[in-house]
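# Descriptive analysis of the structure
As a plain string of letters, each chain reads:
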Amino acid sequence: MVVTKQVLGVNYVMATGIVLSALFVPTLNVAGSSPPILIVGGMGLLAALVLATAGYWLDQCHMHGEQIWRVATHAGLGIGVLTLANLVVLQVDGFVRFGSPESAILASSIAIGGASGAALGIVREYDRSTTTLTQSTEVLSRALRHNLRNDMTVILGHLDQLDGNESKQSSEPVRAIRRKIDDVMILSEKAQEIELAVTGENRQRHPVDAAAFVSRRVIAIEQAHDDVTIETDMPDQTWVEGDWMLETAIENVFETAIGNGQPGADLLVTIEHGDPGWTAIKIVDPDNHLPATDFDTLKNGTETPLQHSQGLGLWLANWIVESYNGRLDLDRSEDGSTVTLCLRRAVPTPRNR
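Residue indices follow the written sequence of each chain, beginning from 1 at its first position. Local features in this predicted model are restricted to residues whose pLDDT is 70 or higher, and side-chain atom pairs enter the listing and the counts only when it is 80 or higher, whereas totals over whole chains, interfaces and linings include all residues. Think of the side-chain values as coming from all heavy atoms in the structure, minus any hydrogens and water.

Nonpolar side chains collect at one region of the surface, where I39, M43, V81, L82 and I112 lie side by side and expose about 440 Å² of accessible area between them. By definition, any uninterrupted DSSP run of H or I lasting at least four residues is a helix, any uninterrupted run of E lasting at least two residues is a strand, and each is numbered from the N terminus. As for its placement among the helices and strands, I112 is situated in helix α4 (residues 101-165). Think of it in three bands: residues with accessible area under 20% of the maximum for their type are buried, residues over 50% are exposed, and the middle band is partly exposed, with areas taken using a 1.4 Å probe on protein chains only. Looking at I112, the relative accessible area reads 30%, which means it is partly exposed. By definition, no residue in a patch forms a salt bridge, and every one has over 30% relative accessible area; like charges are joined within 9 Å, nonpolar side chains (Val, Leu, Ile, Met, Phe, Trp, Tyr) within 5 Å. In these tables, accessible area is a Shrake-Rupley quantity obtained with a 1.4 Å probe, and a residue counts as shielded only by the protein chains included in the view. We define a salt bridge as a side-chain nitrogen of Lys or Arg found within 4 Å of a carboxyl oxygen belonging to Asp or Glu.

Soluble globular proteins tend to bury their nonpolar side chains together. Within the largest apolar cluster, 42 residues are counted, with the highest numbers of intra-cluster contacts made by L246, I250, F254, I281, V339 and L341. The element contributing the most residues to this core is helix α7 (residues 245-258), with eight residues. In this structure, L246 is in contact with V208, A210, F213, V240, I320, Y324, L341 and L343, ignoring residues within four places of it in sequence. For this analysis, a nonpolar core means a set of buried residues of the types Ala, Val, Leu, Ile, Met, Phe, Trp, Tyr and Cys, connected via side-chain atoms within 4.5 Å. In this structure, V10, V13, A54 and L58 belong to the second largest nonpolar core, which totals 23 residues. Residues are treated as being in contact if the distance between any of their heavy atoms lies within 4.5 Å.

The next thing to look at is unusual backbone geometry. For N325, which is not glycine, the phi torsion reads 60° and is therefore positive. With respect to the helices and strands, the residue N325 is situated in the loop between α9 (313-322) and β6 (327-333). By relative accessible area, which is 46% here, N325 ends up partly exposed.

Right, let's get into the sheet that holds strand β2 (residues 228-233). Sheet strands pair via backbone hydrogen bonds, and the direction of the pair is either parallel or antiparallel. Two strands qualify as a pair provided DSSP detects at least 2 bridges between them. Within the open sheet, the five strands sit side by side as β2-β4-β5-β7-β6. Their pairing is mixed. Lying at the two open borders of the sheet, with one neighbouring strand each, are β2 and β6. Averaged over all pairs of adjacent strands, the angle between their axes in this sheet comes to 15°, without regard to strand direction. Pairing geometry for β6 and strand β7 (residues 336-344), over seven bridges, is antiparallel. Counterpart to R332 in the pairing with β7 is S337. The axes are straight lines fitted to the C-alpha atoms, using for helices just the contacting stretch, and the angles between their N-to-C directions are given from 0 to 180°. Together, β2, β4 (265-272) and β5 (278-285) form the strand contacts of helix α6 (residues 210-224), whose direction differs from that of β2 by roughly 160°. Along the sheet face, α7 touches β2, β4, β5 and β7 and points at about 175° away from the line of β7.

Glancing now at the pairing of β4. Judged from the six bridges that link them, β2 and β4 form a sheet pairing that is parallel. Bridge assignment links T232 to a residue of β4, and that residue is V269. Here five bridges tie β4 to β5, and the two strands are oriented antiparallel to one another. Bridging from a neighbouring strand, I271 pairs with I281 of β5. In sequence, β4 turns back onto β5 through a hairpin of five residues, with G277 there showing a positive phi of about 85°.

On to the environment of W69, then. On the secondary structure map, W69 appears in helix α3 (residues 65-90). Sequence separation between W69 and V10 is 59 residues; the distance between their C-alpha atoms is 7.8 Å. W69 has contacts with K5, L8 and G9, leaving out every residue within four places of it along the chain.

On to the environment of I221. Among the secondary structure elements, I221 is positioned in helix α6. Sequence separation between I221 and E255 is 34 residues; the distance between their C-alpha atoms is 8.3 Å. Sequence-distant contacts of I221, defined by excluding residues within four places in its chain, comprise V228, I230, F254 and I258.

This part is about the packing of α6 against α7. Viewed as axis vectors pointing N to C, α6 and α7 meet at an angle of 40°, and their least axial separation amounts to 9 Å. Of the two possible hands of crossing, α6 and α7 adopt the one that is right-handed. Contact with α6, carried on its side by A210, F213, V214, R216, R217, V218 and I221, involves L246, E247, I250, E251, F254 and I258 of α7 and no other residues of that element. Only Asp, Glu, Lys and Arg are considered charged in this grouping, and only Ala, Val, Leu, Ile, Met, Phe, Trp, Tyr, Cys and Pro are considered nonpolar; every other residue, Gly among them, is considered polar. For the contact of α6 with α7, a count of residues per class yields nine nonpolar, no polar and four charged. Left-handed is the label given to a crossing in which the near helix is rotated counterclockwise from the far helix by less than a right angle, and right-handed is the label when the rotation is clockwise.

Turning to the side chain of D285, a few remarks are in order. Its location among the elements puts D285 in strand β5. One buried charged residue, D285, remains without a salt bridge, the closest side chain of opposite sign being R332 at 5.7 Å. Not counting residues up to four positions away in its chain, the partners in contact with D285 are D266, L267, L290, G336 and S337. Asp and Glu are treated as the negative residues and Lys and Arg as the positive ones, with His and the ends of the chain left uncounted.

Taking 1.5 Å as the rise per residue, α6 with 15 residues should run 21 Å; its terminal C-alpha atoms sit 21 Å apart, in good agreement. When α6 is considered as a whole, its buried residues turn out to be A210, A211, F213, V214, R217, V218 and I221. Viewed along the axis of α6, the buried residues span an arc of 155°, placing them on a single side of the element. Looking at the buried positions of α6, the neighbouring elements they touch are β1 (206-209), β2, β3 (239-242), α7, β4 and β5. Under the rule applied, a polar contact is a pair of N or O atoms within 3.5 Å (in protein, one hydrogen donor and one hydrogen acceptor; residues adjacent in sequence only if both atoms are side-chain atoms). One side-chain oxygen of the residue at the start of α6 lies 3.2 Å from the amide nitrogen of A211, identifying that residue as D209. The span one expects for a helix is its residue count, reduced by one, times 1.5 Å. The arc under discussion is defined with respect to the helix axis, by the directions toward the C-beta atoms.

Right under this line is the structure:
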C-alpha cells in the first residue's frame, strides 16, 4: 500500500480514537468508582468514539490528502494543548493510577482535545473549500460574462462584414455560425444568473405574486413562439416567499421544454395549495419535450461525461428555488413530465397588495 498523507491522516485519527477508547475501560470498570469519575470518564469515552468515527468518516468523504492531513494535525494539536494544560493544573508526577480522579480527567481531556481539534479542522477545511469554490465561481462567471461576451461581439462584427460580401448560398454557413454564437452569449448570461442565484447578492426575500410571474412568462413565450401553447389553471393572485428571480426560474423551465430542438410544445401550468404552508407551481409537459437527461442529472445531483444535461435551465431553476428554502420536484413517465416548484406561502404586505 502506498503511504500518503491521506492514509497517514486517516489512520492517525482513527487509531487515536480507538486507543483512547480503550484507556477508559479500566477507569470505568474499577469497582466503587465515584459518580464524578464515571461522568468524566463517560464524557471522555464519548469523545474518543467520536474521534474514531471521524477517522472512518474522513476515509469515506471527498476531502483530498492535504485536507485530511491538516484535520489530523488539528486533532494532534488539540490533544497536546489540553493534555499539557491538565498536567500543569493537576501537577501529575510519575505514574497516574487508573481509577483516580486525575487519571479520568487526564484521559478525558486527551479525548476531548482530539475530538475538538478534529472537528475544528473539518470545519476549517470545509470553509476553505467553500471560499475557494466561491472565488473560482466568481472568476469563471466574470470570464464568461465579460471576456467571452466581448470576444463574441467582435466575431459577430466580422461576420456582419462577411455576410454583406458573400452570396446568398455562401452566407448560410455565416448564419449558422451566428446562431451558435448567440447560443454562447445566452450561456454567458445564464452564468451571471447562476451566480446571482447561488450567492444571493443584492437579493432579499419578500412576498411576491407567483401568478403574475407565470402570466407574464406565458404571454412572452407564446408571442415569441407561434407553435407553443400554454394553458393555465391558477388563481388571480398567489403570494409566496421569493423575489424577482422566481420569474427567471419559471422562464427557464419553459425554455427547457420548448428549446430542445423539437417542434412545438403544449404545456399546462397549475398553481395548487398542497401541504400546509406550501404552494406548488406545476409545469406539465405531456409530450415529454423536457429532456430526460436533464431530469436524470438533476436528480443525481451531478453530471458526468456520459450523463449530462443539455442546458442549464433546470439547474438554474433549482438553485433559485433552493435560495427561497423551497425545492424543485421532478417527475417523468409515459404520460409526460412534470416540474414542480414548491415554495413557502406568504402574506402580502400593504405595499405589495
